[in-house]
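# Architecture at a glance
Residues per chain are reported as follows:
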Amino acid sequence: MIGWLQGQLTHPWQQDKRFGLMLVCQGVGYDVQVSQRQWQQLPAEGSAVSLHIHHAIRDDAWILYGFGERHERDLFRELVAVSGVGPQMGLGLLGVMDPSELVQAIVQADLRRLCQAPGVGKRTAERLAVELRTRLQQRFLGQLEGQDDSDPLAEGPLLPAAGRDEVQLTLAALGYEALEIHRALRAVAAGGLGEEAGPEDWIRECLRWLSRQVA
């Protein structure tokens, strides 16, 4: 299996919504697909390029997907392990957000942001949030340390993790943004609703608080 390539960039290409390049390594040219964001950041043709590779083997083809950083390739592998998320959708997600932004969107169940990627609908966005949130928190969120106080991940409300996941996903499914949800949770916690309350109580009180902000 090919896991990493270093060579000379030649013939960057675009076919509809697919992006890629030819990477020449010691006289052999490897055709590598990359995300749109990676493609737009490619150096001039002829430059030296190194890519971490996800090597997909199918009955009819061997396909290489390239990533500038190893953690980006690892995140891609987590994405395509989700039912209904193929390589092109995985590249699409990484094409509209950098890895840290994508992890935040999944962990916060920010469905609107996830649906900005080509081919990602509401059901797929929900599946990504449900299946990957806990694993991504454990594996990738260490990269997000050092955020300022305005970041909704900087500190959490007084709600058990399992219940918080359910509340966040429900409110996101109702159309609220991640920052709105975080502020609502903080406000409800400050109002005295404690850990003994169930997710249904938190959802009800959060909706009350959110409705007052709109009024």
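The structure reproduced in this document is the subject of the present report. (Residues numbered from 1 in each chain as written. Predicted model: local features only at pLDDT ≥ 70, side-chain atom pairs only at ≥ 80, totals over all residues. Heavy atoms only, no water.)

As paired strands, strand β1 (residues 4-15) and strand β4 (residues 48-57) are joined by five bridges and run antiparallel to one another. Bridge pairing in β4 places Gly7 opposite Val49. Where β4 lies against strand β5 (residues 62-67), six bridges are found, and the strand directions are antiparallel. Of the residues in β5, the one forming a bridge with His54 is Tyr65. The turn linking β4 back onto β5 is made up of four residues. (Pairing = 2+ DSSP bridges. Helix = DSSP H or I, 4+ residues; strand = E, 2+ residues; numbered from the N terminus.)

In this fold, Glu200 is placed in helix α9 (residues 199-214). Distance in space between the C-alpha atoms of Glu200 and Val167 is 7.8 Å, their sequence separation being 33 residues.

This brings us to the environment of Leu23. Relative to the helices and strands, Leu23 is located in strand β2 (residues 18-25). The exposure class of Leu23 is buried, given its relative accessible area of 0%. As a C-alpha pair, Leu23 and Ser50 span 27 residues in sequence and 8.8 Å in three-dimensional space. Setting aside its immediate chain neighbours within four residues, Leu23 contacts Leu5, Gln6, Gly7, Gln8, Leu9, Val28, Gly29, Tyr30, Val49 and Leu51. (Buried < 20%, exposed > 50% of the residue type's maximum accessible area, 1.4 Å probe, protein only. Contact = heavy atoms within 4.5 Å.)

Paired through their backbone hydrogen bonds, the strands of a sheet run either parallel or antiparallel. The five strands are arranged β1-β2-β3-β5-β4 in a closed barrel whose pairing can be described as mixed. Taking the axes of each pair of neighbouring strands and ignoring which way they run, one obtains an average angle of 50° across the sheet. Together, β4 and β5 form the strand contacts of helix α2 (residues 70-80), whose direction differs from that of β4 by roughly 20°. (Axes fitted to C-alpha atoms, helices over the stretch in contact; angles between N-to-C directions.)

This next bit is on helix α8 (residues 178-190). With 13 residues, α8 extends 18 Å between its outermost C-alpha atoms, agreeing within 8% with the 18 Å of an ideal straight helix rising 1.5 Å per residue. Along α8, the positions that sit buried rather than exposed are Ala178, Ile181, His182, Ala184, Leu185, Val188 and Ala189. Axial view of α8: buried residues confined to an arc of 160°, hence all on one face. Note on α8: the residue one or two positions beyond its end, Gly192, has a positive phi of about 110°. (Expected span 1.5 Å × (residues − 1). Arc of directions from axis to C-beta.)

The quantities given are spatial measurements derived from coordinates; they are silent on function.
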